[in-house]
Amino acid sequence: MRSFFILFFTFLCNISFVVAFQSQKVRVTGTITEKRSKEAIVGASVSWNDGREGVVADVNGKYSFNIEPGFYTLTISAVGKKTIKRDLKINKNLNLNFQLEPDVQQLSEVTVRSRGDVSTLKSASMGIERLSIKAIKQIPPMMGEVDVIKSVITLPGISSIGEGSGGINVRGGSVGQNLVLLDGAPIFFTSHLFGFFSVFNQDVVENVTLYKGSIPARYGGRISSVLSVDTQDPIIDSVKVSGGAGIISSRLTVQTPIIRDKLGFMLSGRTTYSDWIINAVNNPQIENSSASFYDLNSKLSWKISDKSRLSYSIYHGADEFAFSPDTTYRYGNLSSTLKYQHEINEIFNLTSLATYSNNFSQVNGNFSNQKFILDIGSENRAAKIYLGADLPKHYIEWGAEFNEYQLNPGDLKPNGTESIITAKKLELDRGREWGFFVEDNFNYGDFKFIIGARYSLFNKIGEYTSYTYGNNNTKSPQNVVETRQYEKNEIINTYGGIEPRFSVNYELSETQSLKFGYQRTRQYMHLIANNAAVVPTDIYKLSNPNIKPQIGDQVSLGYFQNFENGLFETSTEIYYKSTQNSIDYKEGANLLLNEFVETQLVNGNGYSYGAEFSINKTKGDFSGRLSYTFSRSLFQATGRFEEEKINDGEIYPAYFDKPHDLTTIFTYKMDKEWSVSANFTYSTGRPVSIPISKYDIGKVSVAEFSKRNQYRIPDYHRLDLSLNWDPDNTGQKIDSSWTIGLYNVYGRKNPFSVFFRDQNGAPPQGYQLAILGIPFPSLTYNFNF
């Protein structure tokens, strides 16, 4: 670690020497904004030399580049905006600002672009996707709302286990291996209403970026992916109101200037009223149930000067549902972000942020004399600072990050004096994580490189009770040989290491490129759950002497080609990922309120590999994407004892292993006002374990199950349609539109799970559980003014 800090400090000192050797070029700077709202356009591109060279605007809409003096044609473009061209003689330093108008004809989705490149074809990055909110809105809605998470699932390499489940699986990773950020703050529960809605309100979202490979060095803490969602900047010149009303939910967003073009505020709310559907079900247990959620977003932005900006955003959302009158579940997220950005000079820029995140879950049991309240939650406080240096042919970024974790794995309390429930409170799980990172994006001949490294360091700290287990048997409470108590903030153990990141692009021609990438990531916070779907009683656990950090290594190779002057974009990526210290569970594992939870875990190695194919049509009346993914997600338990050797130590499929995944999304613009969209998805059924026989012991029947995950539920497929009417509201005070959607058009009863019931004198009978086995219509009115 000392050597790393010496190298890191030497690198920082040498930056000033690199600047001194810049060539004698002129510098062009400026800002790209939306003409009507004056909002910065993140990711807008400025290119020249027929698109062979270019840059991309940062989070403030600012761009800059150095160029040899001469005559140039600059092309300024962005997703959903009209492209403009400017013929210029550039022979001195210039500041050029551009305003782009909306292009209602352009309904496209683009891959994320790194700061120094104009398109995915030319960028060194790979395995990265970026969605604009305009592209997301073209996907047929579920229950009347377009959805960030559902849109991400349509991308190659991304899947979920089915309807009624929250979270995503990325390139063979589990739900708990993804870092989801809202304005830089971690979000743990990403879905509402059993996974049918995401926590991201479409009216406040500006950009969505998914890193499934080439994860920048500034991100750490998860081994599969990073999903970063940015909210809109409310610095505008007039009041803006937007929202929508549907048969399931409604939303309203207000953005207003406090000081015109200097200080702005946004407030947004969303809620549901879905109980009328549940109450209409002809089943006494279901019709007495209830389900609801709400979201609140707010943001205050201050443009201190042309070079400095400060913002503070808050998100709070929660779900509450009750099955009959017995048990009520309430869970949700609270997050806040304070962010400061400053352009120091033409070369250096600074970004710093402080975040707070809290996911909370409460179960309220109402069983006669066994009433109880169970609280589970996780808190995360973080600070990050990084600097960027925009040098000739280099963009260098370096910085540091600190995270403090405090997890509540369970606090059970009796509810009322008549309850016979015994109180039980597990110890808080506390830890601290540091990260130091550096990354360089540069060109060398025909090659483009991104080379970076991150050093992460984790301390498990007290108060804490540590158990040491004997080596002659599997971990169990009966096999504890030593118990040690640690004081508050006392360091219990330390993990850490270097996480290299590397990717390279070689342009075979103006329309073809070949890429290679490698990354290593470490994860010190683990989702402990042996159920297929994300549920409120899931817990997180930090690495400790008995739970090692997960370490992921991924290599990927990609081929990219554009046709018809960029009208069609194609990509093929193959990857292989291995994960050390992956977690699975012993048979019949008991995870809830277990102070010896490590005795229920099985460590091993995870393996995943796959190939992703995609073709996009980005322009014209007919646009869309066809993608196919072949992938495998495998696990091998490597324990020493019989209880720790799942399937006799053989490799077996993970519960989210789905080898084949096909998704098509198409939009047809019938005229300036009407468009129709379709989405079809197919995937292999996920693995399950089933009873294959039964035997009787006296009068008790006992089922014998297959080896773990050796069978599969039936395959999943679904078709969705939507009709969008966006009338010409020129001259009107209110800009409105209507969307009619039909989810699961042909009423496929896609099984979420299978279960078995014993039958006298016969093998156990199997049944399928479908979350939504009927066509589900929706109607939504959207407006803004």
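Residues numbered from 1 in each chain as written. Predicted model: local features only at pLDDT ≥ 70, side-chain atom pairs only at ≥ 80, totals over all residues. Heavy atoms only, no water.

Q: Even after reading the chapter, I still don't get the overall build of the protein chain, so can you show me in this structure?
A: When you go through the protein chain residue by residue, the secondary structure sums to five helices and 51 strands. The C-alpha atoms of the protein chain give 27 Å as radius of gyration, which agrees with the globular expectation for 785 residues (28 Å, within 12%). Principal-axis analysis of the C-alpha atoms gives the protein chain an extent of 95 × 60 × 50 Å. Restricting the contact set of the protein chain to residue pairs at least 6 apart, pairs at least 24 apart contribute 65%. In the form shown here, the protein chain has an accessible surface area of approximately 33800 Å², with 55% of it arising from carbon and sulfur atoms. (Helix = DSSP H or I, 4+ residues; strand = E, 2+ residues; numbered from the N terminus. Rg over C-alpha atoms; globule rule 2.2 N^0.38 Å. Contact = heavy atoms within 4.5 Å. Areas by Shrake-Rupley, 256 points an atom, 1.4 Å probe, with all protein chains shown as cover.)

Q: Any chance you could explain the sheet that holds strand β17 (residues 225–231) here in plain terms?
A: Paired through backbone hydrogen bonds, the strands of a sheet run either parallel or antiparallel to each other. An order of β9-β16-β17-β12-β13 is seen for the five strands of this open sheet, with the pairing classed as mixed. The strands lining the two open edges of the sheet, one partner per strand, are β9 (128–132) and β13 (185–186). (Pairing = 2+ DSSP bridges.)

Q: Looking at this structure, I do not really get the pairing of strand β24 (residues 348–365). What am I missing?
A: Side chains on a regular strand alternate between the two faces of the sheet. Here β24 lies mainly inside the structure; 15 of its 18 residues are buried. In terms of strand pairing, strand β23 (residues 327–343) meets β24 through 17 bridges, oriented antiparallel. Paired with K339 across the strands is L353, a residue of β24. Where β23 folds back onto β24 in an antiparallel hairpin, the turn is made up of four residues. Direction of pairing for β24 relative to strand β25 (residues 372–391): antiparallel, over a ladder of 18 bridges. By the bridge assignment, N364 is partnered in β25 with I373. Between β24 and β25, which pair antiparallel and follow one another directly, the connecting turn spans six residues, one of which, S368, has a positive phi of 45°. (Buried < 20%, exposed > 50% of the residue type's maximum accessible area, 1.4 Å probe, protein only.)

Q: What exactly am I supposed to notice about the sheet that holds strand β3 (residues 53–56) here?
A: Strand order in the open sheet formed by four strands is β3-β2-β5-β6, and the pairing between neighbours is antiparallel. Two strands lie at the open edges of the sheet, namely β3 and β6 (84–90), each paired on one side alone. Recorded for the sheet is a direction-independent mean angle of 25° between the axes of neighbouring strands. Judged from the four bridges that link them, strand β2 (residues 45–48) and β3 form a sheet pairing that is antiparallel. Residue pairing for β3: V46 is matched across the bridge by V55. (Axes fitted to C-alpha atoms, helices over the stretch in contact; angles between N-to-C directions.)

Q: What is the right way to look at the environment of G462 in this model?
A: Topologically, G462 is positioned in the loop between β29 (447–461) and β30 (464–469). The class of G462 is buried, set by a relative accessible area of 0%. In this structure the C-alpha to C-alpha distance between G462 and S125, which are 337 residues apart in sequence, comes to 40 Å. Apart from residues lying up to four places away in sequence, G462 is in contact with R430, Y486, E487, K488, N489, E490 and I492.

Q: Sorry, what's going on with the pattern of salt bridges here?
A: Close approach of charged atoms allows side chains with opposite charge to pair. The full count for this structure, using the stated rule, is 34 salt bridges. When the shortest N-O distance is used, the salt bridge between E129 and K212 registers 3.7 Å. Placement of the pair is E129 in strand β9 and K212 in the loop between β16 (205–211) and β17, with a sequence separation of 83 residues. Residue class for E129 comes out buried when judged on its relative accessible area of 11%. In this structure K212 comes out as buried when scored by relative accessible area, which is 0%. Among the ionic pairs, D657 bridges to R632, the shortest N-O distance being 3.1 Å. You can see D657 sitting in the loop between β40 (652–653) and β41 (660–669) and its partner R632 sitting in strand β39 (residues 622–637), a full 25 residues away along the chain. (Salt bridge = Lys/Arg side-chain N within 4 Å of Asp/Glu carboxyl O.)

Q: How should I be thinking about the nonpolar core in this particular structure?
A: Burial of nonpolar side chains together is a common tendency in soluble globular proteins. Counting 23 residues, the largest nonpolar core has V152, F200, V208 and L227 as the members making the most contacts within it. Per-element accounting of this core gives the leading share, four residues, to helix α3 (residues 148–153). Apart from the residues lying within four places of it in its own chain, the contact partners of V152 are L131, I158, I168, V208, L210 and L227. The next biggest cluster of nonpolar side chains, apart from the first, holds 22 residues, and it includes W48, V55, I84 and F98. (Core = buried A, V, L, I, M, F, W, Y, C linked by side-chain atoms within 4.5 Å.)

Q: What is the right way to look at the packing of aromatic side chains in this model?
A: Aromatic rings in a pair are described by how distant their centres are and how their planes are angled relative to each other. The final tally for this structure, using the stated rule, is 27 aromatic pairs. Between F348 and W398 the ring centres are 6.4 Å apart and the planes differ by 90°, which places this aromatic pair in the edge-to-face class. Remark: W398 occurs in strand β26 (residues 394–414) and F348 occurs in strand β24; sequence separation between them is 50 residues. W398 shares its class with F348; the two are buried. Members of the aromatic cluster, joined through ring pairs, are F442, F447, F449, F502, Y506 and F516. Cation over ring: K515 sits above F560, and NZ or CZ is 4.4 Å from the ring centre. A cation over an aromatic ring shows up here: K658 above the ring of Y716, its NZ or CZ 6.0 Å from the ring centre. (Phe/Tyr/Trp six-rings, centres within 6.5 Å; stacked < 30°, edge-to-face > 60°. Lys NZ or Arg CZ within 6 Å of the ring centre and 35° of its normal.)

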